[in-house]
Amino acid sequence: MASLAERYQALVRWVEAAGGRLHPAVEVYHDEVTKGSFRVKDAGVLGVDDDIVCLPLSCSLSFLNAVAGHPSIATALPPAIPAPDEETRFPTEFLGNVPPHVVGRFFLMQEYLRRDESPWSPYIRTLPPPEHMAGMLPVVWPAGDVEFLRGTNAHVAVHEIRASLKREYKHAIKFLPEKLQFAYTRPLYYWAYCIFTTRSFRPSLIIPDAESLSLPSKTDDFSILLPLFDVGNHSPLAKTAWLTDEHSRTCTLRSGQPYAAGQQVFNNYGMKTNAELLLGYGFILPEGEGFHNDYVHIKTKAVPAAGDLHASHIVALRPFSHPSSVIGRSRLLDPDHFSCLPRFSHLQDSLIASLYESIARRNNESCDIRLPEILQGRIPQGLLEEIVDSLGTKLTMDLEEIELHDPPYEATNSNRELALLYRGQCKKVLDHALASLSSVSP
């Protein structure tokens, strides 16, 4: 079997044969720390505005390929989207009853099962195989490893996502012919979920004219895998641009900063907290003086989507005004004019506003007060005290929940070590927020 380095080389050749390219000074590098990553070659240099990788849309893999050229589904997809062979098309009933994001995962399963016959085999051979997925994401960790997250919001999200995946698979598989159901197993579906979750991109960012394609779904109801493009690891401070060309049907990852020989070249997945990175990518970023990524999510919706941490407010390790709270400030309602009482400094402004509105309505008081006045405590003293008490109760309960379920034994593998690190940072966030909240009497 070819080594991983050889498989990455084959992937680059496959992309180049399709009209794509990897910057000549950049290589795909693999070690136990970074896994697969982009790196500047020993004698190379990457400059500002240099294109790291350029990928033709014909190399992408998604729901679009499953419906391309299908006689029963009318679309206006460009020829750049390769259609499946007649014998590998999914049944009309399957495509008509299964959500697009699930269809995309089944299409990846199909291409994995086709092995060397798949046009995407050079790409799929570089992906973590299904038998190694137990270390990919918490949602597929063994039960004993997931227990190390108990008490945190990530533990709740894992079980929500698992339940959702189970429902999706059970619904979809019944629309496939019985002869296929034995190959399209639930573990393989979970693997496809992990691959899409950790590596895919939103169509609206990749296809500039997506609205004109007459798709049988909304543009971002599914996601797209971009071979080679997806090798870049995440840095929230990396300066990058994702560019698309409607005429050449290509997407380009462009560097916005210089890199010297031997340096890792990063992509930027967006402003994601460690909770979101853990659930969606299987890692967290360490705390540093100049940057931290530690936030605890507090949900306010009664029934948010499974594992959806965006339907929540965040509590920060450091004040939102601190230079290292980059991710936190990106979530503020008014990041350019954030001024608040010191006791609210670790709390997202939307959380304070939401509590104010809820308590004011319950007390039949006016809600017609501007956000800065609420944050600065220029509201009735009794209402301010209720907000502080409510926050103190909630944060204390969350902290006690984590401490109650602290594992009684040491971590014995990397999943558990990661979980312990994450829960430790969650406790630190809540400790700091509670200390700030109680620093001054109402």
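Described below are features of the structure shown in this document. Only a predicted model underlies this, so the values are computations on that prediction, with no experimental measurement involved.

**Description of helix α4 (residues 100–113)**
Line of reasoning, step 1. Compared with an ideal rise of 1.5 Å per residue, which puts 14 residues at 20 Å, α4 spans 20 Å between its outermost C-alpha atoms and is within 8% of the ideal.
Line of reasoning, step 2. Within α4, twelve of the 14 residues are buried, which leaves it mostly tucked inside the rest of the structure.
Line of reasoning, step 3. Taken together, the buried positions of α4 are P100, V102, V103, G104, R105, F106, F107, L108, M109, Q110, E111 and Y112.
Line of reasoning, step 4. Residue R115 follows α4 closely and has a positive phi angle near 55°.

**Concerning the sheet that holds strand β9 (residues 250–255)**
Line of reasoning, step 1. One open sheet holds the four strands; their spatial order is β1-β4-β9-β8, and the pairing between them is antiparallel. Each edge of the sheet is formed by a strand with only one pairing partner; in this case those strands are β1 (21–22) and β8 (240–245).
Line of reasoning, step 2. Note that β1 and strand β4 (residues 51–56) share two bridges and pair antiparallel. Residue L22 lies in a different strand from β4, and its bridge partner there is V53.

**Observations concerning the sheet that holds strand β7 (residues 224–225)**
Line of reasoning, step 1. Within the open sheet, the three strands sit side by side as β5-β7-β6. Their pairing is antiparallel. Pairing within the sheet leaves two strands with one partner each, and these edge strands are β5 (61–62) and β6 (200–201).
Line of reasoning, step 2. Judged from the two bridges that link them, β5 and β7 form a sheet pairing that is antiparallel. Counted as the bridge partner of S62 is I224 from β7.

**As for the nonpolar core**
Line of reasoning, step 1. With 81 residues, the main nonpolar core has F38, F94, F106, W191 and L228 as its most contacted residues.
Line of reasoning, step 2. With nine residues, the single largest contributor to this core is helix α9 (residues 186–199).
Line of reasoning, step 3. Among all residues touching F94, those that are not within four sequence positions of it are V103, F106, A172, F175 and L176.
Line of reasoning, step 4. Listed in part, the 55 residues of the second largest apolar core include F320, I352, I402 and L418.

**Regarding helix α13 (residues 349–362)**
Since the α-helix packs 3.6 residues into each turn, any two residues three or four apart lie on the same face.
Line of reasoning, step 1. Compared with the 20 Å implied by 1.5 Å per residue over 14 residues, the 20 Å span of α13 between its first and last C-alpha is a close match.
Line of reasoning, step 2. Residues of α13 that are buried: D349, S350, L351, I352, A353, L355, Y356, I359 and A360.
Line of reasoning, step 3. N364, located one to two residues past α13, shows a positive phi value of around 60°.

**Observations concerning the packing of aromatic side chains**
Line of reasoning, step 1. For the structure shown, the criterion picks out 15 aromatic pairs.
Line of reasoning, step 2. Between Y112 and W191 the ring centres are 5.0 Å apart and the planes differ by 50°, which places this aromatic pair in the tilted class. Here Y112, found in helix α4, pairs with W191, found in helix α9; they are 79 residues apart in sequence, far enough to count as distant. With respect to class, Y112 is no different from W191; both count as buried.
Line of reasoning, step 3. A cation sits over an aromatic face here: R39 above Y29, 3.8 Å from the ring centre.
Line of reasoning, step 4. Seen from the ring of Y112, R115 lies directly overhead, with NZ or CZ sitting 4.3 Å from the centre.

**Examining the pattern of salt bridges**
Line of reasoning, step 1. Summed over all chains, the structure comprises 20 salt bridges.
Line of reasoning, step 2. The partner of R254 in a salt bridge is D51, with the nearest N and O atoms 2.6 Å apart. Note that R254 is positioned in strand β9 and D51 in strand β4, a separation of 203 residues in sequence.
Line of reasoning, step 3. By relative accessible area, R254 is classed as partly exposed at 28%.
Line of reasoning, step 4. The partner of E357 in a salt bridge is R361, and the shortest N-O contact between them spans 3.1 Å. Here the residue E357 and the residue R361 both occupy positions in helix α13, the gap between them amounting to four residues, near one helical turn.
Line of reasoning, step 5. On the accessibility criterion, R361 (53% relative accessible area) is exposed.
Line of reasoning, step 6. Taken together, the shared-partner salt bridges in this structure form one network comprising R21, D51 and R254.

Cut-offs applied
- Residues numbered from 1 in each chain as written.
- Predicted model: local features only at pLDDT ≥ 70, side-chain atom pairs only at ≥ 80, totals over all residues.
- Heavy atoms only, no water.
- Helix = DSSP H or I, 4+ residues; strand = E, 2+ residues; numbered from the N terminus.
- Expected span 1.5 Å × (residues − 1).
- Buried < 20%, exposed > 50% of the residue type's maximum accessible area, 1.4 Å probe, protein only.
- Pairing = 2+ DSSP bridges.
- Core = buried A, V, L, I, M, F, W, Y, C linked by side-chain atoms within 4.5 Å.
- Contact = heavy atoms within 4.5 Å.
- Phe/Tyr/Trp six-rings, centres within 6.5 Å; stacked < 30°, edge-to-face > 60°.
- Lys NZ or Arg CZ within 6 Å of the ring centre and 35° of its normal.
- Salt bridge = Lys/Arg side-chain N within 4 Å of Asp/Glu carboxyl O.

Any functional reading would require information beyond the geometric quantities listed.
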